[in-house]
Amino acid sequence: MNNILLQLQDLHKTFQIGKISYHILKGVNLTVEKGEFLAVMGPSGGGKSTLLNILGLLDKPSAGLYLFEGKEVSSLIMRDLAKIRNEKIGFIFQAFHLIPWATAEENVLLPLLYRGKIERDDVERAKVLLERLGLGKHVNFKPSELSGGQQQRVAIARALINNPTLLLADEPTGNLDSQSSKEVMDILEELNKEGLTIIMVTHDPEIAKRAGKVKILRDGVFVD
Amino acid sequence: MNILILKLLLGGIFHKKLRLILSILGIIIGVSALFVMNTFGEAAKIKTLQEIETFGPEILIVVSGQARVRAGRALQAEQTTTLKLEDAQALRKLSAIRFISPLYTGSAIIRYHGRNLSTVVQGVNEDYLKIRKFSLYSGRNLLKEEIMGFKKVVILGHKVKRELFGDEVADGKVIHVNKLPFTVVGVLSPVGVDASNQDQDDQILIPISTAMSALFNVDYLSAIYLSVASPTLVPLVEKQVDEILLRRHKISPKDRDFNLIKAEDILKFKTEASTLFSSLVQSISILCLLVGSLGVTAIMLLSVNERRKEIGLRLALGAEKKMILKQFLIESVCISFLGGLIGFLLGFLAILIFLPLLKYPLVLPLKTILVSTGLTVLFGLLSGIYPAYKASKIDPAILLKGL
């Protein structure tokens, strides 16, 4: 039991747009163990993004339980959720979402802004991370001066700067060519081997294969 | 590492520089206008006070005709020939009067060694210099005997002396005033433009007797200058002079053919005019500042909309909504403040150039600086409230919608 990182129990999510309500998640059950690498696949509109938003504490479920490290989190107040996001969860996105006016290094340090302080050690750590991801020479480059693959690696470094327990990846290779995709997946695999729990949403079966476990979300529920 | 935090928090301000400049243009104009106008107002006030000082609060002028004071100047509405030398003699009997000088003003061409120039000729008596507190650069004052004896002697204004004689000594030389020879007996020290806006260096002083007879052939005066023993006696003397002249001219107060002007009047009209002007300009500047801050609001809204992903990202990385709110408020204040700073520098540059050019004293009104700084910060805060609120309402879930 101690090995379980997070658990979803009969999770529902309904969106109200005008007078019509959309029932996106219809009773999702999921258990993710520490060190797992899970890929979530499924057709568009199947609820993958909604699920990732809830897992990343960016959105709250309409009904059901979400236990993160054994604690019910869906009822926490915004400030506590922000703290968990900052300390425990790393995000990488299809569109990278780097800040255009900041350098690679500054982008990596951004999460620390919301922890309160940035020490000299942190800057060193950011440099080491970028180096490890093959960007040692690009520390002071702006995102516009980097290729897609390099940008995504900066984003990965940013996700790792706070040593998260969970990495959430939304189509991490969606905007990349096959060579860069492979590089990014190699990195994720390596991180997973070091013990990082990864949940990745993807359309691409080739990419999904790299994960240890694949689940398919269709019409708001997991199907086997 | 604080610089890094600052940069990560506020670096977005400088991302789009052209837009930043456009958004603060209104603030720049507002602040520089506010600053320049206030400084000018302040300088003008000090200048007026300085001028009044040369004029003296104890001076009273009887101006012939229906003179009015308009925009700080004593204007003679029509030529009146009723103010006579005898009036001046009658007024001399008042005990509160220390000095009195009749005055006839005309203009003449003066010539020395082939150099011609047109200047103002003031026929006065020996008291005039004491009334106006003019000091002599060289030579001596007019003598009582010269006034009585219709002598052709002249005191030159500083500028006139310089233009006619250059560095040459003028005293004792003979110049021609409208072809009549006059002996120079003295030169005035530089005075500058006085409260009646006349350049006191561009004039010559001659005995009133000579002016009225030989030079202009008139039997009336333009004005009588009085110096009262003490400024507190001015209202009393004013009343006495009024009564005497009305009686002597045998007219009722509504037909008054002379006007009494004191330094205070000039000061009052000048400050009234400048207060009206500066309050007008101030309200326009504040309006400009207001419009400018609306510009900042518009640009901030645009910026928030454009940076939705950045905001979503910051939220995903652990920012609280409160921090986003604060970030955009600070951004807005910084932008306005930047505008204010540039506006201030431009305004400062402008006064450094224009104040000396207009011969105004150089002043730096601290109050204005503080007020305009406070206003820009306030307007920055106000203009940031709505955009910051919008920013804090952004849903971080937008990040996962692909692009």
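Residues numbered from 1 in each chain as written. Chains lettered and ligands numbered in written order. Predicted model: local features only at pLDDT ≥ 70, side-chain atom pairs only at ≥ 80, totals over all residues.

### Concerning the overall build of chain A
Next, step 1: The number of helices and strands found in chain A is seven helices and 10 strands.
Next, step 2: Relative to the compact-globule value of 17 Å for 224 residues, chain A shows a C-alpha radius of gyration of 17 Å, a close match.
Next, step 3: Principal-axis analysis of the C-alpha atoms gives chain A an extent of 50 × 40 × 40 Å.
Next, step 4: A separation of at least 24 residues holds for 71% of the contacts in chain A among residues at least 6 apart in sequence. (Helix = DSSP H or I, 4+ residues; strand = E, 2+ residues; numbered from the N terminus. Rg over C-alpha atoms; globule rule 2.2 N^0.38 Å. Contact = placed C-beta atoms within 7 Å.)

### Regarding the nonpolar core
Next, step 1: Counting residues in hydrophobic clusters, the biggest one holds 106 residues, and the most contacted among them are V108, A157 and L168 of chain A.
Next, step 2: With 12 residues, helix α2 (residues 17-55) of chain B is the largest single contributor of residues to this core.
Next, step 3: Beyond its immediate chain neighbours, meaning those up to four positions away, A157 of chain A contacts V108, A126, L129, L130 and L133 of chain A.
Next, step 4: One finds F99, L142, M212 and A223 of chain B within the second-largest nonpolar core, a separate group that totals 61 residues. (Core = buried A, V, L, I, M, F, W, Y, C linked by C-beta atoms within 7 Å. Buried ≥ 20, exposed ≤ 12 C-beta atoms within 10 Å, placed from the backbone.)

### Quick notes on the interface of chain B and chain A
Next, step 1: If you look at the interface, chain B gives 26 residues, while chain A gives 31 residues.
Next, step 2: Residue assignment for the side of chain B that touches chain A shows that the elements contributing at least two residues are α1 (2-10), α10 (308-316) and α11 (321-357) of chain B.
Next, step 3: Of all the elements, α1 of chain B adds the most residues to the side of chain B that touches chain A, at five residues.
Next, step 4: For the side of chain B that touches chain A, the per-class residue count stands at 15 nonpolar, five polar and six charged. (Nonpolar A, V, L, I, M, F, W, Y, C, P; charged D, E, K, R; others polar.)

### So, the sheet that holds strand β10 (residues 221-223) of chain A
Residue and element names in this part refer to chain A.
Next, step 1: Spatial strand order, β6-β7-β8-β3-β9-β10: six strands in an open sheet with mixed pairing. Two strands bound the open sheet, and with one partner strand each, they are β6 (89-92) and β10. The average undirected angle you get between the axes of adjacent strands in this sheet is 25 degrees.
Next, step 2: Two strands pair when backbone bridges link them, and strand β7 (residues 166-170) and strand β8 (residues 197-201) are joined in this way by five bridges, in the parallel orientation. The partner of L166 across the bridge, within β8, is T197.
Next, step 3: Set on the sheet, helix α1 (residues 48-55) makes contact with β3 (37-41), β7, β8 and β9 (213-218); between it and β7 the angle comes to about 155 degrees. (Pairing = 2+ DSSP bridges. Axes fitted to C-alpha atoms, helices over the stretch in contact; angles between N-to-C directions.)

### What about helix α3 (residues 104-113) of chain A?
Next, step 1: Taking burial as the measure, the 10 residues of α3 of chain A include 10 buried ones, the bulk of the element.
Next, step 2: The inward-facing, buried residues of α3 of chain A contact α2 (78-88), α4 (120-132) and α5 (148-160) of chain A together with α1 of chain B.

### Concerning the sheet that holds strand β4 (residues 63-68) of chain A
All names here are of chain A.
Next, step 1: Reading across from one edge, β2-β1-β4-β5 is the order of the four strands in this open sheet, with antiparallel pairing throughout. The strands lining the two open edges of the sheet, one partner per strand, are β2 (20-33) and β5 (71-72).
Next, step 2: Sheet topology note: the strand β1 (residues 4-17)/β4 ladder contains five bridges and is antiparallel. Pairing of Q7 across the sheet is with L67, part of β4.
Next, step 3: The sheet strands contacting α1 are β1, β2 and β4, and the helix crosses β2 at an angle near 60 degrees.

### So, the packing of α3 of chain A against α1 of chain B
Each pair of packed helices can be described by the angle between their axes along with the distance between the axes.
Next, step 1: For the pair α3 of chain A and α1 of chain B, interaxial distance at closest approach is 10 Å and the crossing angle is 95 degrees. Between α3 of chain A and α1 of chain B, the angle falls in the class roughly perpendicular. Residues E106, L109, L110 and L113 of chain A of α3 of chain A lie in contact with α1 of chain B, whose contacting residues are L4, I5, K7, L8 and L9 of chain B.
Next, step 2: Residues of the contact of α3 of chain A with α1 of chain B, tallied by class, amount to seven nonpolar, no polar and two charged. (Parallel < 35°, antiparallel > 145°, perpendicular 65-115°, else oblique.)

### Focus: the pairing of strand β5 (residues 115-124) of chain B
Residues and elements named next belong to chain B.
Next, step 1: Two strands pair when backbone bridges link them, and strand β4 (residues 97-112) and β5 are joined in this way by nine bridges, in the antiparallel orientation. Bridge pairing links T105 to Q122 in β5.
Next, step 2: Hairpin remark: β4 followed by β5, antiparallel, with two residues in the connecting loop; positive phi at H113, about 50 degrees.

### A word on the domain arrangement of chain B
Next, step 1: Its domain assignment divides chain B into domain 1 (2-50 + 269-400) and domain 2 (103-227).
Next, step 2: Relative to domain 2 of chain B, the C-alpha centre of domain 1 of chain B lies at a distance of 55 Å. (Domains from an automatic or database assignment.)

### Observations regarding the environment of E126 of chain B
Residue and element names in this part refer to chain B.
Next, step 1: Along the chain, E126 turns up in the loop between β5 and α4 (128-132).
Next, step 2: With 92 residues separating them along the chain, E126 and L34 place their C-alpha atoms 48 Å apart.
Next, step 3: Every residue in contact with E126, bar those within four places of it in the chain, is listed here: N141, L142, L143, K144 and I147.

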